Structure formats: structure tokens, C-alpha cells
Amino acid sequence: MENRDKNQKIWHNCQIVTMADGHYNLIEKGVIVTNDQKIQWIGPEAQLTDVDGDYEKIDLEGRLVTPGLIDCHTHLVFGGNRSEEFEARLEGVSYTEIAKRGGGIQSTVNATRQASEEELFLTAKKRIEHLMADGVTTVEIKSGYGLDLESELKMLSVIARLKETMPISIHTTFLAAHALPKEFGDDSDRYIDYVIEEVLPKVVEQCDIDALDAFCEHIAFSPAQVERLFIAAQNYNIPIKLHAEQLSSLHGSTLAAKYGALSADHMEYADDSDAKAMAKSGTVAVLLPGAFYMLRETQYPPIDAFKREGVKIALSTDLNPGTSPLLSLRLALNMGCTLFKLTPEETLAGVTYNAAFALGIEENEGSLEVGKLANFVAWDVTHPAELSYWLGGTLNNRVIYQGSEITDLC
């Protein structure tokens, strides 16, 4: 093997879980050769030949290596918190009733609008550091707690700053219709007009966004209103995602599939017809067990239908202040197993291989293969099932992002 770059490294003395095609595909006594940011070669050490002495050799101490984890659905930029609402829900007040009282998303909108950009940046940075310590090398972050032009641009500016300063891949989603802000009263159609005519053009002009999202639900926006947003996004060639079927069945996921959405997320009330539509379009089902757990849901996503139809299943923290203040993607793996009856292999695929499809980055991330980014984690465990087995704490790990090891993780 010819050595052409001083940034080439050999990561050896490890067992590798490649997650190619969404399966473990374990390589015993494996080696990963990286050339700057990408994987140049991967395989058993016995098959590595023609290596000269110019490579930097790094001993991974017999650890288990997986792809870097991908948290494909978060709302981690926000002001304040909603611990008092958590307490109210424990006393029997429903999520819908809290929203009607002016709580829920609207309370976070108020806090986010009042917070400075610096305050939002510093608190979000701490949340990202928790995820990174858990092995996350890629995270999606949504706006949607501003709900007016000035505040949405402020949130998107914070996300851009995080992207520039943090050693992690960040994907930006403009959550155009998260909730109806109070200044629009009950006129949700007028708000959709405002987003399409005034907010979206400015966002496209001033920000670098990777996708557009909306909340299709009886307490948010109708399928007809969401479809108007999807058409507007198409005019700008913006990929789409959707919060769908969380609290009721509106077939938002089928609508999302019609427009070729990257993913439909939550999915508790989806049915067989939604699964068929998503399979046809390749739309990923992103399950959010943190919200399911926090809201004490009893309606389960149609896991069997997704599997039967061949819909890819991803998992994410849904990190947000109201329904999923979850700072650990590993804990989401365990929840995927215990709540949704997924296997450890399926949950690991849900935060690597399938999560990459949910963000449209499958050509570069999600599995350890030649040509993909050198994002991986060397865990001090003996079997990949341990990632979904251990509850709490921080599993000892070494995180490699784009070919360089990250230090000083919290």
C-alpha cells in the first residue's frame, strides 16, 4: 500500500463492528487505515500488506470499534426548561392540556425568544458535549422554537456557530411549522402564509440548511398545511422531514412519503398503509423512545409493519426541553430494546446505518467502509450488545472524528 500523506494512520489491535448493510459484520483482530478524513482500508490485520514505516500506528488496546453514533433528531438549541410541566404531567395533566394552557412548545418559544444568542450557544454546547461523550460524532439540530423571522434566524445562527466550533458533524433542519405562535391567534393558515412568503425566503438567503421539517398533528398543523410547506421546500430544492403520527393518525407519514421525505419521526399512530408508502419512497421511520417514555405512551409504533415492508428504522434522542430531555443516545438504544422490542443489533443500526439514511448522508457515514469518513468509536466493551445493555454512567471510549482522536470529552 503506497503512503502518500503524512496524515495516514493505522488503527490496530481492535475488533471492528462495521455495520455495513445494517449488520454487525464483526472483524476480529481488525485494522482501519485512514487517509486524512476518510477510511482508506479496513479488514483483518493478517490481510494488511505493503505498509511502510511512515504511517502513524495507533494501538486501540483490544477495544470494540463501531461507527460514530448519529443522533438524527434533536431540538438541542432552546432557552429555559420545562421541569414544572414534567411535574404537572406526573400529576395527571395531559400534554395536550398543557399546550392549551400556553405551556408546551409555546413556553419554550417564549424563553428562546428572550435568550441571547450567546446564552443559547453556551447551553447548546454543553448538551452537545454530553452527546459526544456518549460516542456521537454526527447530530441533527432543528430550529422551531423561534417561530418568527428574527428568532428563527437567531437559532439558525447558533447552530451555524456550533457547526463551526465543535468537532462534530452538525446537520441543520429548519423546523418551519413547529407550533402556532400566540401572535397569530387561531389563524394557522395565516402563519403558514407567513412562513412561506416571509420566513423561508430569508432563511434560504441567509442560512445553510439541510432540510425542512414540520409538526403534523391536531395540536399543530394539518396535512394540507404541511403539504403547502413541502411544495415551497421543493421550489428551493430543500429535502424534507416530518414529525408525524405522534399523538393521532393523520397519515402525515404517507404525505411525507409522497414528497420523498428523508424521514418521518415519532410514528406511534402510523399504520400499515403508512408503512407501505414509506417503504416505496425509502422514507426512514425515526423512533423517539425518550418522548414515548416521558409521555407514558401506550400506543406503540408499528414495528412489525415497518419490518415487514422493509422500512429502515432509526432511533434518536429527540433531545428537547419538554418531552425528551435525553442527553444519552446510548440510553435511547436501551429504550429501543426494552420499549419497542428491537434487538441490540437493530438499535445499533438505528443510530448508525439507518440514521445516516434519515439525514441523507449514507454515502459518507453510518458504517465503516472504504471511502467513508473516518468517524468511529473504540469502546472498552467486549460485545456490541453492551452499548444497549449498560444503563447510565459513561462507557469508557475513544472517539475518532474524521481521522483524529477527540480528547477532553465530558
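About the cut-offs
- Residues numbered from 1 in each chain as written.
- Predicted model: local features only at pLDDT ≥ 70, side-chain atom pairs only at ≥ 80, totals over all residues.
- Heavy atoms only, no water.
- Phe/Tyr/Trp six-rings, centres within 6.5 Å; stacked < 30°, edge-to-face > 60°.
- Helix = DSSP H or I, 4+ residues; strand = E, 2+ residues; numbered from the N terminus.
- Buried < 20%, exposed > 50% of the residue type's maximum accessible area, 1.4 Å probe, protein only.
- Lys NZ or Arg CZ within 6 Å of the ring centre and 35° of its normal.
- Pairing = 2+ DSSP bridges.
- Right-handed = clockwise from strand over helix to strand, strands pointing away.
- pLDDT = per-residue confidence, 0-100.
- Contact = heavy atoms within 4.5 Å.
- UniProt positions renumbered as here; feature names shortened; annotations may be inferred.
- Salt bridge = Lys/Arg side-chain N within 4 Å of Asp/Glu carboxyl O.
- Domains from an automatic or database assignment.
- Buried area = accessible area lost by both parts, 1.4 Å probe.
- Polar contact = N/O pair within 3.5 Å; in protein donor to acceptor, adjacent residues only side chain to side chain.
- Nonpolar A, V, L, I, M, F, W, Y, C, P; charged D, E, K, R; others polar.

Tallied over the full model, the rule gives 11 aromatic pairs. Centre to centre, the rings of Phe230 and Tyr259 are 5.7 Å apart; their planes meet at 55 degrees, and the pair counts as tilted. A residue pair is termed long-range when its members are at least 10 positions apart, and Phe230 in helix α7 (residues 223–235) and Tyr259 in the loop between α8 (252–258) and β10 (263–266) qualify at 29 residues. One exposure class covers both Phe230 and Tyr259, and it is buried. Judged by centre distance (4.9 Å) and plane angle (70 degrees), the ring pair of Tyr389 and Trp390 falls under edge-to-face. One aromatic cluster in this structure is built from Phe184, Tyr191, Tyr194 and Phe221. The ring of Phe78 has Arg127 sitting right over it, with the charged end atom 3.6 Å from the ring centre.

With respect to burial, strand β8 (residues 211–216) is a largely interior element, six of its six residues being buried. Burial along β8 is two-sided: Ala211, Asp213 and Phe215 facing one way and Leu212, Ala214 and Cys216 facing the other are all buried. Here strand β7 (residues 169–177) pairs with β8 via four bridges, running parallel. Following the sheet pairing, Leu175 is matched in β8 by Asp213. In this fold, the crossover linking β7 to β8 by way of helix α6 (residues 188–206) has right-handed handedness.

Overall, the prediction assigns the protein chain a mean pLDDT of 94, with 97% of residues at 70 or greater. Per-residue pLDDT stays below 50 along residues 1–5; that stretch engages in 18 contacts with residues further than four places along the chain or on separate chains.

What follows deals with helix α12 (residues 329–338). Burial analysis of α12 places eight of its 10 residues in the buried class, the great majority of the element. Inspection of α12 places Leu329, Arg330, Ala332, Leu333, Asn334, Met335, Gly336 and Cys337 among the buried residues, and these make up the whole buried set.

The UniProt entry lists residues 64–387 under the feature "domain: Amidohydrolase-related" (unreviewed entry), expressed in the numbering used here. Secondary structure across residues 64–387 comprises 45% helix and 15% strand; the distance between its end C-alpha atoms is 10 Å.

This part is about the pattern of salt bridges. Summed over the entire model, instances satisfying the criterion amount to 20 salt bridges. Note that Arg190 is salt-bridged to Asp187, the shortest N-O span being 3.6 Å. Residue Arg190 is classed as partly exposed on the basis of its relative accessible area of 41%. One salt-bridge network, held together by shared partners, links Glu61, Arg63, Arg398 and Glu405.

Segmenting the protein chain into domains produces domain 1 (8–67 + 367–406) and domain 2 (69–359). For domain 1 versus domain 2, the distance between C-alpha centres works out to 30 Å. Both faces combined, the contact of domain 1 with domain 2 buries some 2,000 Å², and carbon together with sulfur accounts for 61% of it. Between domain 1 and domain 2 we count zero salt bridges in total. Between domain 1 and domain 2 we count eight residue pairs in polar contact (both at pLDDT 80 or more) in total. For the side of domain 1 that touches domain 2, the elements supplying multiple residues, two or more each, are β4 (56–67), β13 (376–379), α15 (386–389) and β14 (397–401). Split into classes, the residues belonging to the side of domain 1 that touches domain 2 amount to 17 nonpolar, 11 polar and one charged.

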